[in-house]
Amino acid sequence: MAIAKAERLMNLALCLLGTRRPLSKRELRDSIEAYVEAVRPVNGAAGSEDSFNRMFERDKDDLRELGLVIETVENLDGEVGYLARRDSNRLPPITLDAEEAAALGLAAKVWQQARLAGAASGALQKLRAAGLPDGVDPYEAHGALEPRIPVHEAAFEPLMLACRDRRPVLFDYRKASAARPEPRHVEPWALECWRGHWYLAGFDRDRGAERVFRLSRITGRVRSRGTGFTAPVPDVVTVRETVASWAGEIADRSALIRLRSGAGYPLRAKATEVRELGDGWDELEIPYGHGLDAWLVEFGPDVVVLEPAELRADVVDRLRAVAKG
Amino acid sequence: MAGKPARTVNAIDQTRRMLSLVTYLRERPGARIADVARAFGISEDELVADLDLLPMCGTSFRGGDLLDIDTDGERIWWHNPAALGEEAAEPLRLAADEATALLVAARAVSTLPGLREGDRQALLRATAKVETAAGEAAGASSRLSVTFESEGGVFADVDRAISERRRLWIRYYSPARDEVTEREIDPIRLVSVGHTYVEAWCRRSEARRTFRLDRVAEIRILDEPSAPPEIELRDLSEGLVQPAAEDPEVVVEVGPGGRWVAEYYPHDSADELPDGGLRITLRTPDPASLRRLALRLGPDGRIVSPPDLAESARRAAREALAAYDGPVGAVPGAGGGRSERSA
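About the thresholds
- Residues numbered from 1 in each chain as written.
- Chains lettered and ligands numbered in written order.
- Predicted model: local features only at pLDDT ≥ 70, side-chain atom pairs only at ≥ 80, totals over all residues.
- Helix = DSSP H or I, 4+ residues; strand = E, 2+ residues; numbered from the N terminus.
- Buried ≥ 20, exposed ≤ 12 C-beta atoms within 10 Å, placed from the backbone.
- Contact = placed C-beta atoms within 7 Å.
- Pairing = 2+ DSSP bridges.
- Nonpolar A, V, L, I, M, F, W, Y, C, P; charged D, E, K, R; others polar.
- Axes fitted to C-alpha atoms, helices over the stretch in contact; angles between N-to-C directions.
- Parallel < 35°, antiparallel > 145°, perpendicular 65-115°, else oblique.
- Left-handed = near helix turned anticlockwise from the far one by under 90°.

Engineer: How would you summarise the overall build of chain B if you had to cite specific residues and measurements?
Structural biologist: The helix and strand tally for chain B stands at 9 helices and 13 strands. Looking at chain B residue by residue over its 343 residues, the buried ones come to 40%. Put simply, of all contacts in chain B between residues at least 6 apart along the chain, 54% involve residues at least 24 apart.

Encoded structure:
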């Protein structure tokens, strides 16, 4: 039976951490059972130096993903050796009390995405090994609070890695109202989750400007495109403001409407002024931003727009389209 | 080899865990399986699988100094802790992904309005300490952020009612009917999936209901104890709206400008149309609630079936249009118009 990958990685990690001098590839190959097997032909199947080399490179990359700093050192004979130095791999001293430990415990559970869930528990386990108190989760008692960060978009993981490593990407993107997706070359800056949806902010190479993308509108695979950014990354990336303006939440004007008494609670909640007219109708002043016309039409005959004329015309157009069927 | 990536992730997670585990166990001879599994946030089976694997691992040179760790099913014994040299036994620094995952989650949770102030302070202190300890690895965490929806006062009241096991009175807005209703609910848990919801037993409908906190118009904690029946909690990770197979079917056709419908409404199918639009088939227990959607879509889409739903949207639009015939502000059923206001 093939040796479990976790066993192989664990042995490589322990060898590299335990040594004080660089170990050559040959020494590592002869020390770790899984590598010995990779080189040795089994049942006629070709074990080879090549397959060992590929395995070894992949394993080093995997260990680096776990945070291990592996140094490559050349000795006087020109032979390459590897080691994971204590100084560069040790967690600096950190002392957390029981309350702080419990709070981190709650935070570590919110990810629903496999990679980040694994990384968050891994972080907590490293802290546990460093003496983080095994506190009782204060929320376990009544289980009231269950914050969850949803990640349903396939594009999330490749974009997260591209943001982390500052790698340009290429993906097909279908704009909200576009029939067909278009390829977009983007230097990804940051991902933000707002109201349960993920957005990417970055520099759009084709348009030569900053753009915000909604991950659910990315179709197909996210591909890496070369290395290095061409545009400077701003200190503050404002995803939420851009999305809020799409959603019409940034209003610079106000509108005057009539609303049937008792109807349209969300409009009342947003209103800056409400006047009861006493005839079954109220008059409301509400913020007027992008998309207000579509929202008002939802309330059908319970809303009448008074001002401004432009909004009134937009609402009438929409109502006519619906009336026509 | 569809299963391969998942296995790769597991091997990495397991290696990461075992590296911490050896450091942890070295300090705690005779540690109990149950305690260690809880401290590491894993099942006892997962821990036992790690313990089966560790005796195959060592710091160098085959067979020479393997870790002699075993368990009697209750406690864990390590017979040669010295086999793990001082170097390999140190707690490891955080990887960039680990720091990102923990810090982003901690920052998001610290903004949750329902968090008790003491816990928020503890979390902020912990976050600062982890940032310092992570050093450079913390840098990339600024490239990811999460904001939970915040309905502060409502959240705090629901959270308190759950911990004190008390019933709540709420005025709740249902967009489907555009009405605000009063009801008493026995809250079970708070869930944050984009928006924040309370899952509760609704005393008015005698059924399990999920209420979105930003739709709670008013809330009061009652003196009566909360007594929800024992119900199985659902896994809500796939979304809160889970239509049933027996719900009536609705077909909506949208143009390119209405494609967002497929993003917001869980649906059975969404077929591409030649004009760049979609034909979306979805199910809902209450098709009448989709009249709003038909109105909202305007020129960007229409209900195809059921026909009575399509007709009710057309009727509502015609009725609404009547108010715009004639002079500005001439509202049907209203005594006066715009002139009432001293502008």
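Structure shown, so let's carry the discussion forward.
Engineer: Report on the sheet that holds strand E3 (residues 75-78) of chain B, specifying residues and quantitative values.
Structural biologist: All names here are of chain B. Read across the sheet, 3 strands follow the order E1-E3-E2 without closing on themselves; strand pairing throughout is antiparallel. Of all strands in the sheet, those with a lone pairing partner are strand E1 (31-32) and strand E2 (69-71), marking the two edges. Pairing between E1 and E3: 2 bridges, direction antiparallel. Bridge assignment links Ala31 to a residue of E3, and that residue is Ile76.

Engineer: I'd like a rundown of the interface of chain A and chain B, residues and numbers included.
Structural biologist: Chain A puts 106 residues into the contact, and the matching count from chain B is 112 residues. The element that contributes the greatest number of residues to the side of chain A that touches chain B is helix H7 (residues 114-129) of chain A, accounting for 14 residues. Counted by class, the side of chain A that touches chain B contains 60 nonpolar, 21 polar and 25 charged residues.

Engineer: I'd like a rundown of the environment of Phe40 of chain B, residues and numbers included.
Structural biologist: Looking at the element boundaries, Phe40 of chain B is found in helix H2 (residues 33-40). The buried category is assigned to Phe40 of chain B, around which 21 C-beta atoms lie within 10 Å. Spatially, the C-alpha atom of Phe40 of chain B lies 48 Å from that of Arg177 of chain B, the residues being 137 residues apart in sequence. Each residue touching Phe40 of chain B, except ones within four places of it in the same chain, is listed here: Gln125 and Arg128 of chain A together with Arg17, Leu21 and Leu47 of chain B.

Engineer: Explain the packing of helix H12 (residues 309-324) of chain A against helix H9 (residues 307-322) of chain B to me, using residue names and the numbers behind them.
Structural biologist: Running from amino to carboxyl end, H12 of chain A crosses H9 of chain B at an angle of 140 degrees, the nearest separation of the two axes being 8 Å. Here H9 of chain B runs oblique to H12 of chain A, going by the angle between their axes. The handedness of the crossing between H12 of chain A and H9 of chain B comes out as left-handed. Two secondary-structure elements touch here, H12 of chain A through Val316, Leu319, Arg320, Val322 and Ala323 of chain A and H9 of chain B through Ala313, Arg314, Ala317, Arg318, Ala320 and Leu321 of chain B. Along the lines of polarity and charge, the residues of the contact of H12 of chain A with H9 of chain B split into 8 nonpolar, no polar and 3 charged.

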